[in-house]
Every structure is written in structure tokens, then in C-alpha cells.
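Fold and geometry: a report
Here is what each chain is made of, one letter per residue.
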Amino acid sequence: MRVSTQIKHVIALLLKNKKLDKIRLYHLMNYTPYKAEMASSDTSALLDLCVRLNIVRKDGRYYYANFKLYKKEDSDLSDEEIKLLKAYILKSKFAIKNIYNNVNSDGKFDYDNTSLLHRLLAEIGLIINATGAYFISKDVLNVIKKKSNVASKVNSENDKEIGYFAEKIVFDEEHNKLSKVRLLKYLKHVSLINDKLGYDILSYDLKNKHPIYLEVKGTTGKRTEFFITANELKQAKRLGKWYCIVVVRGIKLNNSTYKDIIKLINPRGMLNK
């Protein structure tokens, strides 16, 4: 099986040279004929990825391969090498977390062609391209099912990161809005002090001149889907039109970006139930 990413070349270079410092590795990757498809500026990100996947370990200023692949003179990896590489990736908490949290509700994988990890996963068959859409392989699905407690823990930790990131985005937006009219006294990020109030941010509606209560939700996908707790629903009914759910969609924690912000007041008649 042909593997065109620099991941394979890093491993090959490490095995051939036993140890490499960052500068030497940079030059070897820069001049090797195998790396033409990727810019050498990826070196730092590549090394970081390899370390997090436990493919490479760092000792001082040197990098070492963490496992032995069967050496070959050509630029292909054998089935045994692919199997070994898959096994290491599936044991990586970093990789499982990334895979698990990029699967949408419809089962599709949110593939990012700028991600070194995603390109590697696609090339060794851990995610599969089917008519333009990506899906996780049975190998990945089985690992997630067998380690559901681990996946649940990872997902819970990631949900907190996504939630906090979304709250920060919304808080900054409200801050910019209220600072222009000198009404920052109405703005409070209340969930940082008490996360059981049923809303995250207290702000102010400039049009109606009234305090508003913002419950913030963050999603990694494009859909506006979220969970709402019994307490949040209770507060929504109590506060009526002054309660607003704000959804930050398409969050990508790895590069601190998001797609857009959707504000929902009484979505689908929720407050009337």
C-alpha cells in the first residue's frame, strides 16, 4: 500500500539514522525525493503529531522511533507495517479523541484536508472516502465501542473545552456590543462562578432595553443540534422571551475557529410546553 504522507518518511528516516535532531530532520525531509507533495514548513506540526501519536519520542534535542517497522528500499509500506501503524494510532488517546469528536450525528467524519492526522487516517484506511464523504472504518468503530467508557470520558472532557470556547466567543461578542454604548455593567459571565443557574451569560438587549439571559451551546458540526437540561428548560420557561439559546457552530479547537453563531429564542415553541 502506498503511503504518501511525510509520516512514513519520518519513520523511515528515524530508523535509518537512529537519532535525528530537529535541524537535521528538517534538512533530510526538505531534500528527500519522497516529500514533494508537502511543504517542509509542515515539519514542526508533523513532529508534534508523531510525538502525540507515540510514533516518535523526544529525548533532549533528539527524536527516536518508538517502534520498529520492517525496512524496505522502496517507498511503500507493507501490509504488516500498515497493521502495526494502525495499532499504534488506535491506542493513541489523542487520535481516538480527534476521531471520536469529528464524527457527525449522521455518521460522517468531518474531514479536514489541512490536518496531518486526517490525511494519515485516510491514507491507511482508518477513515474511508465514499463518494466524497468520509466515514470511520470498522476498526475504529470497534475500538470506540470496546472502550466506550474511555470515549465517553474523552468526549466529556472535549465537550467542556467546546462549551468554554463557545462561551468565550459569545461573551466577547456581547462585550464588543455593550462597550460601544458603555453598558458593560450589565455583562457577566455567570457560569464561571455558578454553572447551575440554567444560563451562562447575563447581558443586555439594546433594542428592548432589558437584561437578557444567554445559554450558550457549542457544536463541532454544521447542524444546530444540542442537549438542554431540565434546569435550562425551567429557566427558559421562567424567563420567557428574555432567555436566549446561542449556538456556536462548526467549532474547531485545534485552530480556534468556528463557522457561525445562531441565536434561538423560544425554538420550536419550547417555552410553551
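Up top you'll find the structure we're talking about.
Residues numbered from 1 in each chain as written. Predicted model: local features only at pLDDT ≥ 70, side-chain atom pairs only at ≥ 80, totals over all residues. Heavy atoms only, no water.

**A closer look at the environment of Ser137**
Counted only if it meets this: Only runs of H or I of at least four residues qualify as helices and only runs of E of at least two qualify as strands under DSSP, and these elements are numbered from the N terminus. Here's how the labels work: a residue is buried when its accessible area is under 20% of the maximum for its type, exposed when over 50%, partly exposed in between, all with a 1.4 Å probe on protein chains only. Whether two residues are in contact is decided by their heavy atoms, any of which lying within 4.5 Å being enough.
Along the chain, Ser137 turns up in the loop between β6 (133-136) and α7 (138-146). For Ser137, a relative accessible area of 6% puts it in the buried group. Measuring from C-alpha to C-alpha, the distance between Ser137 and Ile127 comes to 5.3 Å, with 10 residues separating the pair along the chain. Excluding residues within four positions of it along the chain, Ser137 makes contact with Gly125, Leu126, Ile127 and Ile128.

**Some remarks on the packing of aromatic side chains**
Under the convention used in this document: Each aromatic pair joins two rings of Phe, Tyr and Trp (for Trp, the six-membered one) with centres within 6.5 Å, and gets the label stacked for planes under 30 degrees apart, edge-to-face for over 60, and tilted for any other angle.
Under the counting rule described, the total for this entry stands at 3 aromatic pairs. Taking the centre distance of 4.0 Å and the plane angle of 15° together, the rings of Tyr111 and Tyr134 count as stacked. Here the residue Tyr111 occupies a position in the loop between β4 (108-109) and α6 (116-123), and Tyr134 occupies one in strand β6, the gap between them amounting to 23 residues. The partly exposed category is assigned to Tyr111, whose relative accessible area is 22%. On the numbers, 5.0 Å between centres and 75° between planes, the contact of Tyr199 with Tyr213 is edge-to-face. Of this pair, Tyr199 sits in the loop between α8 (148-179) and β7 (201-205) while Tyr213 sits in strand β8 (residues 210-218), and the two are 14 residues apart along the sequence. In terms of burial, Tyr199 and Tyr213 fall into one category: buried.

**Here's the deal with the environment of Lys263**
As a reminder, the rule being used: Any pair of N or O atoms that falls within 3.5 Å is considered a polar contact. Within protein, one atom must be able to donate a hydrogen and the other to accept it, and sequence-neighbouring residues count only if both atoms are side-chain atoms.
By the element assignment, Lys263 lies in strand β10 (residues 260-264). In sequence terms Lys263 and Leu214 are 49 residues apart; their C-alpha atoms lie 9.2 Å from each other. Side chain to side chain, Lys263 and Glu174 meet in a polar contact 3.5 Å long.

**Digging into the sheet that holds β8**
Basically, it comes down to this: Here a strand pair is declared whenever DSSP counts at least two bridges between the two strands. Here an angle of 0 to 180 degrees is reported between the N-to-C directions of two axes, which are lines fitted to C-alpha atoms, with helices fitted over the stretch in contact.
Taken together, 4 strands build an open sheet; the order of strands is β7-β8-β9-β10 and the sheet is mixed. Each edge of the sheet is formed by a strand with only one pairing partner; in this case those strands are β7 and β10. On average, each strand axis in the sheet is tilted by 35° relative to the strand beside it, whichever way the strands run. As defined by bridge partners, β8 adjoins strand β9 (residues 243-249) across 6 bridges and the pair is classed as parallel.

Taken by themselves, the reported measurements are silent on function.
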